[in-house]
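The primary structure of each chain is shown beneath.
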Amino acid sequence: MNREDYYSIGEVSSICNVSIRTLRYYDETGLVVPEMRKEGSKYRYYSKNQMLIIMIIRKLRCIGLGLKEIKEITSVGSVDAMKNGIEEHLSCIKKEMEKLERSYRESEVILKRLDFGYDILKDKDKSSKSENAGAHHDDVKIEYIPETNIYYSRKMMQAYHNEEVSIERWAEINEEVAKCGLKVCGPVTVTYYTELLDQFLSKTCDIEFGIQVEESKCEQVRRFGGFEAATIFHVGAYSDIIKTYVKALQWVNQSEYKVNGPVSEEFIISPTDVNRECEHVTKILIPVLH
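Residues numbered from 1 in each chain as written. Predicted model: local features only at pLDDT ≥ 70, side-chain atom pairs only at ≥ 80, totals over all residues. Heavy atoms only, no water.

Draft legend 1. Geometry of the overall build of the chain. Each helix and strand counted, the chain has seven helices and 12 strands in total. Computed over the C-alpha atoms, the radius of gyration of the chain is 32 Å, more than 25% above the 19 Å expected from 2.2 N^0.38 for a compact globule of 290 residues. Within the chain, the proportion of its 290 residues that are buried is 38%. Of all intrachain contacts in the chain linking residues separated by at least 6 positions in sequence, the fraction that spans at least 24 positions is 72%. A total of about 17,500 Å² of accessible surface is found on the chain, and carbon and sulfur atoms cover 51% of it. Within the chain, the 47 negative side-chain charges are centred at a point lying 7 Å from the centre of the 40 positive side-chain charges. (Helix = DSSP H or I, 4+ residues; strand = E, 2+ residues; numbered from the N terminus. Rg over C-alpha atoms; globule rule 2.2 N^0.38 Å. Buried < 20%, exposed > 50% of the residue type's maximum accessible area, 1.4 Å probe, protein only. Contact = heavy atoms within 4.5 Å. Areas by Shrake-Rupley, 256 points an atom, 1.4 Å probe, with all protein chains shown as cover. Lys, Arg positive; Asp, Glu negative; His and termini not counted. Charge placed at Lys NZ, Arg CZ, Asp CG, Glu CD.)

As structure tokens, this is what we get:
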């Protein structure tokens, strides 16, 4: 063999812009084994064709292919092998991008909800320090609840205790939404299809758990909203929420409104978000008619 037709590992490293350590690793794993070794020494020499293979490897590594996939491509060396390998890689990238996009979108939804809840908490802090503050978080008001889509699960629950968060139902509905590939766009909403305040009396209750989603074409998705409601924010331990209900219902009666449908709760900052009960924020919605 003519030495002039070969390149040392240092020359290959410089020309191909690949570290000597990486070239040695390629040698050890059988990806690119130097075509010639000098007898009596550890010097490695690569042919021009091997340098081209190394450049192909570097290109494929730059676009993210793994060494296993690269070895399969370069061992064949054909256009078909290269084309099929890159097509498969693009398919994997697309799936990963979709996963990241979903993660980003859902993170935005959670952050928006937490920001809103944080404003409620700050308002509570200000109102507790100043009696001259304006509208407080615990003021009842009438507002129009815009229509949204919710994925829902409605079940009868025996001896229901409203002061206890149903971990099983929370986990169940979140898992179902994930399996359906639906895009979450709002908080968990719990609706009580019972006599008013029965959920506090350890009775059997007809309860719907729902999550706001973007999609509408799904058997378990329905429209929610489109009505006027007396609303109030409950801040703090969920076990005390009955006190906020009583305050809201007193206001409804004094203001000569009538309850006009099942009450709902939107979990702005829920026990599944943060552990501190004092930072939990729940919005109560009581549909009303004047």
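Draft legend 2. Representation of the environment of Q158 within the structure. You can see Q158 is positioned in the loop between β5 (148-157) and α6 (167-180). Dropping the residues within four chain positions of it, Q158 is found in contact with K203 and T204. Polar side-chain contacts of Q158 include one of 3.0 Å to the side chain of T204. (Polar contact = N/O pair within 3.5 Å; in protein donor to acceptor, adjacent residues only side chain to side chain.)

Draft legend 3. Representation of the sheet that holds strand β1 (residues 6-8) in the model. Spatially, three strands are ordered β1-β3-β2 in an open sheet, and the strand pairing comes out antiparallel. Looking at which strands have only one partner, the edges of the open sheet turn out to be β1 and β2 (36-37). The sheet contact formed by β2 and strand β3 (residues 44-47) spans two bridges and is antiparallel. Paired with M36 across the bridge in β3 is Y45. Taken strand by strand, helix α3 (residues 48-62) contacts β1 and β3, and its axis lies near 85 degrees from that of β3. (Pairing = 2+ DSSP bridges. Axes fitted to C-alpha atoms, helices over the stretch in contact; angles between N-to-C directions.)

Draft legend 4. Region of interest: the packing of aromatic side chains. All chains considered together, the criterion is met by six aromatic pairs. Summarising the aromatic geometry, the rings of W170 and F267 are spaced 4.9 Å apart at their centres and angled 80 degrees between planes, so their arrangement reads as edge-to-face. Residue W170 is located in helix α6, and its partner F267 is located in strand β11 (residues 263-269); the two are separated by 97 residues in the primary sequence. Its relative accessible area of 6% is what places W170 among the buried residues. Residue F267 is classed as buried on the basis of its relative accessible area of 4%. (Phe/Tyr/Trp six-rings, centres within 6.5 Å; stacked < 30°, edge-to-face > 60°.)

Draft legend 5. Representation of the side chain of N149 in the model. On the secondary structure map, N149 appears in strand β5. At 3.5 Å, the side chain of N149 forms a polar contact with the backbone oxygen of E215. The contact partners of N149, leaving out residues within four places of it in the chain, are I211, Q212, V213, E214, E215, S216, V221, R222 and R223.

Draft legend 6. Structural detail: the nonpolar core. Core analysis: the largest hydrophobic core is formed by 34 residues, its most contacted members being Y192, I207 and I286. Of all the secondary-structure elements, those providing two or more residues to this core are β5, α6, β6 (184-192), β7 (205-213), β9 (227-235), α7 (241-254), β11 and β12 (281-289). Beyond its immediate chain neighbours, meaning those up to four positions away, I207 contacts S153, R154, K155, M157, Y160, R169, V190, T191 and Y192. Of all hydrophobic cores here, the second largest spans 16 residues; its members include V12, V32, L60 and I73. (Core = buried A, V, L, I, M, F, W, Y, C linked by side-chain atoms within 4.5 Å.)

Draft legend 7. Examining the pattern of salt bridges more closely. Throughout the structure, instances matching the rule amount to 14 salt bridges. For K203, the salt bridge goes to D198, with nearest N and O atoms at 3.6 Å. A residue is classified by how much of its surface remains accessible, and K203, at 40% relative accessible area, is partly exposed. Note that E279 and R276 form a salt bridge whose closest N and O atoms lie 3.5 Å from each other. Connected through salt bridges with shared partners, the residues D27, R37 and R44 form a single ionic network. (Salt bridge = Lys/Arg side-chain N within 4 Å of Asp/Glu carboxyl O.)

Draft legend 8. Layout of the packing of α3 against helix α4 (residues 67-76). Relative to each other, α3 and α4 sit at 140 degrees, their axes nearing to 10 Å. Taken together, the axes of α3 and α4 lie oblique to each other. Of the two elements, α3 crosses α4, and the hand of that crossing is right-handed. Across the interface between the two elements, I53, I56, I57, L60 and R61 from α3 touch L67, I70, I73 and T74 from α4. (Parallel < 35°, antiparallel > 145°, perpendicular 65-115°, else oblique. Left-handed = near helix turned anticlockwise from the far one by under 90°.)

Draft legend 9. Structural view of unusual backbone geometry. The backbone of L197 sits at a positive phi, close to 75 degrees, despite the residue not being glycine. With respect to the element layout, L197 can be found in the loop between β6 and β7. By relative accessible area, L197 is classed as partly exposed at 23%. In this structure, E256 takes a positive phi of about 60 degrees despite not being glycine. With respect to the helices and strands, E256 occurs in the loop between α7 and β10 (258-259).

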